Amino acid sequence: MKIATLSLAAALAAVTAGVAGHAEAATVKLFCGATDYDLCSSAAEAWAKQSGNSVSINKMPASWDDAVPLYQQMLAAKSTDVDVLVIDVIWMGMLKNHLLDLGTMVPKEEVAAHFPTTIDAATIDGQLLALPWYMDTGLIFYRKDLLEKYGKAVPKTWTELTDTAKAVQDGERKAGNADMWGFVWQGKSYEGLTCDAIEWVASTGGGTIIDAKGDVTIDNPKAAQALTLAHSWVDTISPPGVLGYDEESSRAVFESGKAVFLRNWPYVWGTSQTAGGALVGKVGVAALPVGAAGEKSSGCLGPAYLGVSKYSENKKEAVDLIRYMTGAADQKRRAIQGAYNPTVSALYEDPEVLAKLPFLKDTQAAFADSVARPSAATGASYNRVSQAFSKSVHAVLTGDEQPDAAVAALAKELDRLRQRAKW
Ligand code: GLC
């Protein structure tokens, strides 16, 4: 009898707490990337404090490629363990069936504040699947002090970059700087290499692997020419280890003062210019070089987004959280504190943002010319396309395959894939 009374009381207490807990506060579960973990988690926590909810934050794998299988597994199982997802622009087609349509949940003027290209890329079959969070494009970071020391201009073509990197590297090594390299980038076989290589190929006039109609275009002499030049960098101006570098390992080499040029995303402005850092005042940022005069600088376009899982049990709160995190105020904070480029276009005229990120002028031009990876044309097959591309580029870089043969074989493989996947 006593026991029954107690358990009834306990049950009632639990029900009351549960009901009250739900009405008063939700715990929104989100992912934050490893690189901007502090900026992301502090925003989520600020929202939690302001809204009276709480957040539970999971770190994404350091390489975004590794997040894809994790997301797919959770979403296929309709897991309620995640409400908010960090989404790379190229995953939109793959995740579309699992993301909440935000179209009716976010005010129109809030949507219209973002660059239209970013909204277009997140809209599939009329559904707005995610809110743009930051703009990304490939850029060149360079040692301003060393270019001045050797009387060199900021390179406009990849050949100029190759020559300048070699001249400065040789000069520095002669002066006793034995570990100096000319150029570091992302040479590991993963999505990062797809970005680097599409930049070399597109800026040489060799296209973007697959065109907007879905036709495979990679088998062409300009693409082979771009890969030939990249292969020549390995172990001359780039350390042999570059073939295993991702964004963070290449950044580490540059920021420890051991490289003249670095290809990376805008966040490196923030990390390299943090007060007290060895390179404060010594770094310049430019649009990527071109392969030949008359071609366009072709930084890889990579906006990041936040979206809400269809299986979330806290949809309303989750949407509220992503509106906060992608809103102008927090994008401004991310720009000032972490050099993340806003997707809210008005922030490009904000004096405080411009004072902190003087290079935004140049990156805006770089954004205008940046190239999209063929994710729209290939949809759910994009990952396989990208993996086939980065694998074959990697084989050229290691010298295992010749550029002409590699692009020809890749084109055949992609054509077969297209027939099966019917993109
Ligand atoms: C950056 C870009 C993303 C790209 C990734 C490759 O995170 O924003 O679009 O896929 O780098 O490593």
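Residues numbered from 1 in each chain as written. Predicted model: local features only at pLDDT ≥ 70, side-chain atom pairs only at ≥ 80, totals over all residues. Heavy atoms only, no water.

Looking at an unreviewed UniProt entry, one finds the protein named ABC transporter substrate-binding protein and attributed to Inquilinus limosus. Database annotation for the protein, UniProt heading Sequence similarities (unreviewed entry): "Belongs to the bacterial solute-binding protein 1 family." Of the comments in the UniProt record for the protein, the one headed Subcellular location (unreviewed entry) reads "Periplasm". (UniProt positions renumbered as here; feature names shortened; annotations may be inferred.)

**Student:** Break down the overall build of the protein for me, with residues and values.
**Tutor:** Each helix and strand counted, the protein has 19 helices and 11 strands in total. On C-alpha atoms alone, the protein measures out to a radius of gyration of 24 Å, which is about the 22 Å that the 2.2 N^0.38 rule sets for 423 residues. If one aligns the C-alpha atoms of the protein with their principal axes, the spans along those axes are about 90 × 55 × 45 Å. Expressed as a percentage of its 423 residues, the buried residues of the protein come to 53%. Taking the 40 positively charged and 48 negatively charged side chains of the protein as two groups, their mean positions are separated by 1 Å. (Helix = DSSP H or I, 4+ residues; strand = E, 2+ residues; numbered from the N terminus. Rg over C-alpha atoms; globule rule 2.2 N^0.38 Å. Buried < 20%, exposed > 50% of the residue type's maximum accessible area, 1.4 Å probe, protein only. Lys, Arg positive; Asp, Glu negative; His and termini not counted. Charge placed at Lys NZ, Arg CZ, Asp CG, Glu CD.)

**Student:** Describe the pattern of salt bridges, listing the residues and the values that go with them.
**Tutor:** Per the counting criterion, the structure on display carries 17 salt bridges. Glu248 is the partner of Arg251 in a salt bridge, and the nearest nitrogen-oxygen pair spans 2.9 Å. Placement of the pair is Arg251 and Glu248 together in helix α11 (residues 247-255), with a separation of three residues, close to one helical turn. Residue Glu248 is classed as partly exposed on the basis of its relative accessible area, which comes to 32%. (Salt bridge = Lys/Arg side-chain N within 4 Å of Asp/Glu carboxyl O.)

**Student:** Tell me about the nonpolar core, and please be specific about residues and values.
**Tutor:** Generally speaking, nonpolar side chains in soluble globular proteins are found buried as a group. Counting residues in each nonpolar core, the largest one holds 132 residues, and the members touching the most others are Leu30, Tyr71, Trp91, Trp200, Ile218 and Leu414. Residue contacts for Tyr71: discarding those within four places in its chain leaves Phe31, Met60, Leu85, Val86, Trp91 and Leu95. (Core = buried A, V, L, I, M, F, W, Y, C linked by side-chain atoms within 4.5 Å. Contact = heavy atoms within 4.5 Å.)

**Student:** Tell me about the pairing of strand β7 (residues 139-143), residues and numbers included.
**Tutor:** Burial analysis of β7 places five of its five residues in the buried class, the great majority of the element. Judged by which residues are buried, β7 turns out to be covered on both faces: Leu139, Phe141 and Arg143 on one side and Ile140 and Tyr142 on the other are all buried. Sheet analysis places β7 next to strand β9 (residues 259-264), joined by four bridges and oriented antiparallel. Paired with Leu139 across the two strands is Asn264, which belongs to β9. Note that β7 and strand β10 (residues 283-286) share four bridges and pair antiparallel. Bridge pairing in β10 places Tyr142 opposite Gly284. (Pairing = 2+ DSSP bridges.)

**Student:** Kindly report on the packing of aromatic side chains, identifying the contributing residues and their values.
**Tutor:** A complete count under the given rule lists 14 aromatic pairs for this structure. Geometrically, the ring pair formed by Phe31 and Tyr71 is tilted, given 5.4 Å between the ring centres and 45 degrees between the ring planes. Here Tyr71 lies in helix α3 (residues 67-76) and Phe31 lies in strand β1 (residues 27-32), a separation of 40 residues in the sequence. In terms of burial, Phe31 and Tyr71 fall into one category: buried. Relative to Trp233, the ring of Trp185 has its centre 5.9 Å away and its plane inclined at 65 degrees; by these criteria the two rings are edge-to-face. With a gap of 48 residues between them, Trp185 in the loop between β8 (181-184) and α9 (191-202) and Trp233 in helix α10 (residues 221-233) connect regions that are remote in the sequence. The class for Trp185 is buried, based on a relative accessible area of 0%. Judged by relative accessible area, which is 1%, Trp233 ranks as buried. Here a set of aromatic residues connected by ring pairs shows up, and it is made of Trp158, Phe183, Trp185, Trp200 and Trp233. (Phe/Tyr/Trp six-rings, centres within 6.5 Å; stacked < 30°, edge-to-face > 60°.)

**Student:** Explain the site of the ligand residue by residue, including any values.
**Tutor:** For the ligand, the full set of nearby residues is Asp88, Asp136, Tyr190, Glu191, Gly192, Glu247, Trp265, Gly302 and Arg373. Separating an oxygen atom of the ligand from a side-chain N or O atom of Glu247 is a distance of 2.7 Å. Trp265 is positioned such that a nitrogen or oxygen atom in its side chain is 3.2 Å from an oxygen atom of the ligand. With the chains in place, 92% of the 310 Å² that the ligand exposes on its own is no longer accessible. Among the cavities detected, the one that contains the ligand is the largest pocket. Of the residues assigned to the shell around the ligand, the class counts are two nonpolar, two polar and five charged. (Near = heavy atom within 4 Å. Polar contact = N/O pair within 3.5 Å; in protein donor to acceptor, adjacent residues only side chain to side chain. Areas by Shrake-Rupley, 256 points an atom, 1.4 Å probe, with all protein chains shown as cover. 1 Å grid on protein atoms, 1.4 Å probe; cavity = no way out; pocket = protein on both sides within 12 Å on 5 of 7 lines; lining within 4 Å. Sits in = over half its atoms within 2 Å of the grid points. Nonpolar A, V, L, I, M, F, W, Y, C, P; charged D, E, K, R; others polar.)

**Student:** Explain the layout of surface pockets residue by residue, including any values.
**Tutor:** Of the volumes computed, that of the largest pocket is approximately 580 Å³. Lining the largest pocket we find 31 residues, and of these Ala62, Trp64, Asp88, Glu247 and Trp265 sit closest to its centre. When residues of the lining of the largest pocket are traced back to their parent elements, those giving at least two are α9, α11 and α18 (382-398). If you tally residues by element for the lining of the largest pocket, the top one is α18, at four residues. Split into classes, the residues belonging to the lining of the largest pocket amount to 12 nonpolar, 10 polar and nine charged. Put simply, the second largest pocket is a space of about 460 Å³. Listed by contribution, the elements that provide at least two residues to the lining of the second largest pocket are α4 (92-95), α6 (116-121) and α17 (375-378). (Points joined across faces, edges and corners; volume = space filled by probe spheres on them.)

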